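# Survey of secondary and tertiary structure
One-letter residues, chain by chain:
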Amino acid sequence: MNIENLASAHGQPDGFTAEPAENVPCRFICAPQGEENFRLLVHGGAWDIPAVLHQPHADGVAKAYQAAMKAFREGADGFAVVLAALEILEKDPTFDAGRGSFLNECGEVELDAAIMEGAGLKAGAVAGIRNFLHPSKIAHDILSKTNHAFLVGEGAERFAERCGHKRLPPDELVDPREREVFAAWIKAGKPDAKVFFSSPANASLRSGAEPEKRGTVGVTVALKSAAGQWNLFAGTSTGGTPGKMQGRVGDVPVIGAGVYADDEGAAVSCTGWGEGLLRIAAGQRISAAVRGGTNLQAAVEMTLADLYRRMKGHAGIIAVDRHGNMAASYSTPFMAFAGPAGVVTHLRQPAGCDTLRRQDR
Ligand code: GLY
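Residues numbered from 1 in each chain as written. Predicted model: local features only at pLDDT ≥ 70, side-chain atom pairs only at ≥ 80, totals over all residues. Heavy atoms only, no water.

As a packed pair, helix 3 (residues 78-91) and helix 4 (residues 135-145) sit with axes 9 Å apart at the nearest point and diverge in direction by 150°. By the angle class used here, helix 3 and helix 4 are roughly antiparallel. For the pair formed by helix 3 and helix 4, the contact residues are Phe79, Leu83, Leu86, Glu87 and Glu90 on the first element and Pro135, Ser136, Lys137, His140 and Leu143 on the second. Grouping the constituent residues of the contact of helix 3 with helix 4 by class yields five nonpolar, two polar and three charged. (Axes fitted to C-alpha atoms, helices over the stretch in contact; angles between N-to-C directions. Helix = DSSP H or I, 4+ residues; strand = E, 2+ residues; numbered from the N terminus. Parallel < 35°, antiparallel > 145°, perpendicular 65-115°, else oblique. Contact = heavy atoms within 4.5 Å. Nonpolar A, V, L, I, M, F, W, Y, C, P; charged D, E, K, R; others polar.)

Rendered as structure tokens:
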């Protein structure tokens, strides 16, 4: 895997508008290793991850990567591979998904998730559900057990119970730390979540030794069929943004925004400022660009660049495409993710680690 700075190494791709260096996405070029019929990327959120949280992020994405790898080696289908990784991340309070998610303006955890595959464009999404640990599994049940693609709120919760998902007691998903973050958010004047994905604006919410955490999680997978076609899968799960309005939905469960998979284009999972990723239709935009002949990495970087150029938003994206290419890029100070060179995270890269820390600024 080579880590390079987009601007210095490659110049600017078509559509990339010159901006101050701080807005240049950081890129990973991901080379497949070992598993010739399998591609996997896992992310644990893009934001200004402080040093004290590096290790938990590295451990979390590494564990999720290994779980997905194990599922693949045991013969699981693409959905099961995606869900194996998301299950680990939703359980881990390090991340803004499942347990440990941000609280909304009412002090509740409200979860969104989606999963999709690219052969038949099958998709399942769920938004605004409370008291269930694994929204990604509920999204998969919507895909596989209903004629619908997207359920929200109470109806989704009732459906989840009918499918056997356990409704947890209120507060079961609330990490005590999030109560402090919530109080700090109020004290800070309820700042808009847009600023949380870039540095140093988020510093205002930090208190104590451990800053708040806020990483949406996601997975992209490609499995090569016997006929030599790549079948693409993506899944994304989140608790949304801190202090979000009750009922607010960001990019994550919206098919074509925070998640997308099309075997004729790409599978994409996003993290970052949801309102912007939603409005730019990030997932579909990348897939359509690939379908039109654009290189995957360039499509990802152009989307991040456009997100900033049009709306001053920051985000991170992982993607795999119909040719088996992989790409990961982010415009936030950090993104936690695991890729194919064993388990590589921004924290474990033996050389050049600092280039990931946006030393270009
Ligand atoms: N990207 C996560 C969210 O905005 O909800």
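On we go from here.
What follows covers the environment of Ala156. Position of Ala156 among the secondary structure elements: in helix 5 (residues 153-162). A sequence separation of 27 residues divides Ala156 from Ile129, and the C-alpha atoms of the two residues are 6.9 Å apart.

Right, let's get into the packing of aromatic side chains. Taken as a whole and assessed by the stated rule, the structure comprises two aromatic pairs. Taken together, a centroid distance of 3.8 Å and an interplanar angle of 5° make the contact between Phe38 and Phe72 stacked. Pair noted here: Phe38 is in strand 3 (residues 38-47) and Phe72 is in helix 2 (residues 54-73), with a separation of 34 residues, a long-range link. Each ring, one from Phe79 and one from Phe233, has its centre 5.2 Å from the other, and the planes form 80°; the classification is edge-to-face. Separated by 154 residues along the polypeptide, Phe79 in helix 3 and Phe233 in strand 8 (residues 230-238) bring together distant segments of the chain. (Phe/Tyr/Trp six-rings, centres within 6.5 Å; stacked < 30°, edge-to-face > 60°.)

In total, this model carries 15 salt bridges according to the counting rule given. For the salt bridge of Arg167 with Glu161, the shortest nitrogen-to-oxygen distance reads 3.2 Å. Among the residues examined, Arg167 registers a relative accessible area of 34% and is labelled partly exposed. On the accessibility criterion, Glu161 (39% relative accessible area) is partly exposed. Here Asp306 makes a salt bridge to Arg309, at a shortest N to O gap of 3.2 Å. Taken as a pair, Asp306 and Arg309 lie in helix 9 (residues 296-311) at a separation of three residues, close to a single helical turn. A residue is classified by how much of its surface remains accessible, and Arg309, at 32% relative accessible area, is partly exposed. When salt bridges with common partners are traced through the structure, they connect Glu108, Arg130, Glu157, Glu161 and Arg167 into a single cluster. (Salt bridge = Lys/Arg side-chain N within 4 Å of Asp/Glu carboxyl O. Buried < 20%, exposed > 50% of the residue type's maximum accessible area, 1.4 Å probe, protein only.)

Most of strand 8 is tucked away: eight of the nine residues are buried. As paired strands, strand 4 (residues 111-117) and strand 8 are joined by six bridges and run antiparallel to one another. Each residue of the ladder has a partner; that of Met116, found in strand 8, is Ala234. The pairing of strand 7 (residues 217-224) with strand 8 spans eight bridges and is antiparallel. If you follow Ala222 over to strand 8, its bridge partner there is Leu232. (Pairing = 2+ DSSP bridges.)

On to the site of the ligand, then. If you check the shell around the ligand, you find Thr216, Thr238, Gly240, Thr241, Arg248, Asp251, Val252, Gly272 and Gly274 and nothing else. Between the ligand and the protein, one listed contact pairs a nitrogen atom with a side-chain N or O atom of Asp251 at 2.7 Å. Take Gly274: an N or O atom from its main chain is 3.1 Å from an oxygen atom of the ligand. In isolation the ligand offers 200 Å² of accessible surface; the protein chains occlude 99% of this area. A per-class count over the shell around the ligand returns one nonpolar, six polar and two charged. (Near = heavy atom within 4 Å. Polar contact = N/O pair within 3.5 Å; in protein donor to acceptor, adjacent residues only side chain to side chain. Areas by Shrake-Rupley, 256 points an atom, 1.4 Å probe, with all protein chains shown as cover.)

Time to look at unusual backbone geometry. Positioned with a positive phi, Leu121 is a non-glycine residue whose angle comes to about 55°. Checked against the element boundaries, Leu121 lands in the loop between strand 4 and strand 5 (123-129). Note on Leu121: relative accessible area 44%, which makes it partly exposed. Phi is positive for Ala281, close to 50°, though the residue is something other than glycine. Looking at where Ala281 falls in the secondary structure, it is placed in the loop between helix 7 (274-279) and helix 8 (282-291). Residue classification places Ala281 among the partly exposed positions, given a relative accessible area of 31%.

Take helix 2 next. For helix 2, spanning 20 residues, the distance from its first C-alpha to its last is 28 Å, which sits close to the expected 28 Å at 1.5 Å a residue. A positive backbone phi angle near 95° is found at Gly75, which sits one or two residues after helix 2. (Expected span 1.5 Å × (residues − 1).)

Time to look at the sheet that holds strand 3. Strand order across the open sheet formed by seven strands is 6-5-4-8-7-3-13, with mixed pairing between neighbours. For this open sheet the edge positions go to strand 6 (150-152) and strand 13 (334-338), each flanked by a neighbour on one side alone. The sheet shows a mean angle of 10° between the axes of neighbouring strands, direction not considered. In the sheet, strand 3 pairs with strand 13 via four bridges, with the strands oriented antiparallel. Paired with Ala46 across the two strands is Met335, which belongs to strand 13. Against the sheet, helix 4 engages strand 4, strand 5, strand 6 and strand 8, with an angle of about 135° to strand 5. Sheet contacts for helix 5: strand 5 and strand 6; angle to strand 5, the most-contacted strand, approximately 115°.

Purely spatial values, then, with no claim about function.
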